[in-house]
Amino acid sequence: MRRYGYSIFCDDIRSEAGGKLSFIGCYNAVMMTQQTFPLVLSKFCIHFHVFSPATQPYTSVTARCYVPGEAEPIAEEPIEVPGLLDQQRLLDSLPKNITVPPYIVVASSLVFSPLEIREPGMIHIRVVINGGPDELHLGSLQVMSAQA
């Protein structure tokens, strides 16, 4: 078992009744723009989930966002994770006869308003877990001009 995750890239994230989230203007694999580079998006959002086997609890999670034309992340945000005791209590409360190995899930959103993208390329979202040295890749979105 190993850690993994995924991301949703979209124009907006809205909180709904009952704790639901609505993702507005979701992108698939490519953001095709009619604008020339550099371009400025009035708002851009990334929602992500990170799954870790219960045998590998979290002590920290830091999200990093990379955009084309920038060598360093444009955002490096610590994400709140449950304390180790809370993670253990959650595991202890699970039925003992479950057949699927339990995972601990952390989810969060990054919201950029505005977001400048200097050139075509890939937007990446990655996380560093427990101070890392490695980054776990949670997804990418290719940004390109429709005029090319």
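Look above for the structure.
Described in the following lines is the structure provided in the data block. Everything numeric here is computed off the predicted structure, so don't read it as measured data.

1. Overview of the side chain of His49
Phase 1: Assignment of secondary structure puts His49 in strand S6 (residues 44–53).
Phase 2: A polar atom in the side chain of His49 sits 3.0 Å from the side chain of Tyr6.
Phase 3: Not counting residues within four places of it along the chain, the set of residues in contact with His49 comprises Tyr4, Gly5, Tyr6, Val105, Val106, Ala107 and Leu138.

2. Side note on the packing of aromatic side chains
Phase 1: Counted according to the given criterion, the structure contains five aromatic pairs.
Phase 2: Taking 5.7 Å as the distance between ring centres and 75° as the angle between the ring planes, the aromatic pair formed by Tyr4 and Tyr103 counts as edge-to-face. Highlighted residues: Tyr4 in strand S1 (residues 4–10) and Tyr103 in strand S9 (residues 103–112), separated in sequence by 99 residues.
Phase 3: When the centroid spacing of 6.3 Å and the interplanar angle of 25° are considered together, the rings of Tyr6 and Phe51 count as stacked. With Tyr6 in strand S1 and Phe51 in strand S6, this pair connects stretches of sequence that are 45 residues apart.
Phase 4: Note on Phe51: relative accessible area 17%, which makes it buried.
Phase 5: The positively charged end of Arg126 is found above the aromatic ring belonging to Tyr66, 5.1 Å away from the centroid.

3. Overview of the side chain of Ser145
Phase 1: Tracing the backbone shows Ser145 in strand S12 (residues 135–145).
Phase 2: With near-sequence residues (within four places) excluded, Ser145 lies in contact with Met32, Thr33, Gln35 and Phe37.

Cut-offs and rules
Residues numbered from 1 in each chain as written. Predicted model: local features only at pLDDT ≥ 70, side-chain atom pairs only at ≥ 80, totals over all residues. Heavy atoms only, no water. Helix = DSSP H or I, 4+ residues; strand = E, 2+ residues; numbered from the N terminus. Polar contact = N/O pair within 3.5 Å; in protein donor to acceptor, adjacent residues only side chain to side chain. Contact = heavy atoms within 4.5 Å. Phe/Tyr/Trp six-rings, centres within 6.5 Å; stacked < 30°, edge-to-face > 60°. Buried < 20%, exposed > 50% of the residue type's maximum accessible area, 1.4 Å probe, protein only. Lys NZ or Arg CZ within 6 Å of the ring centre and 35° of its normal.

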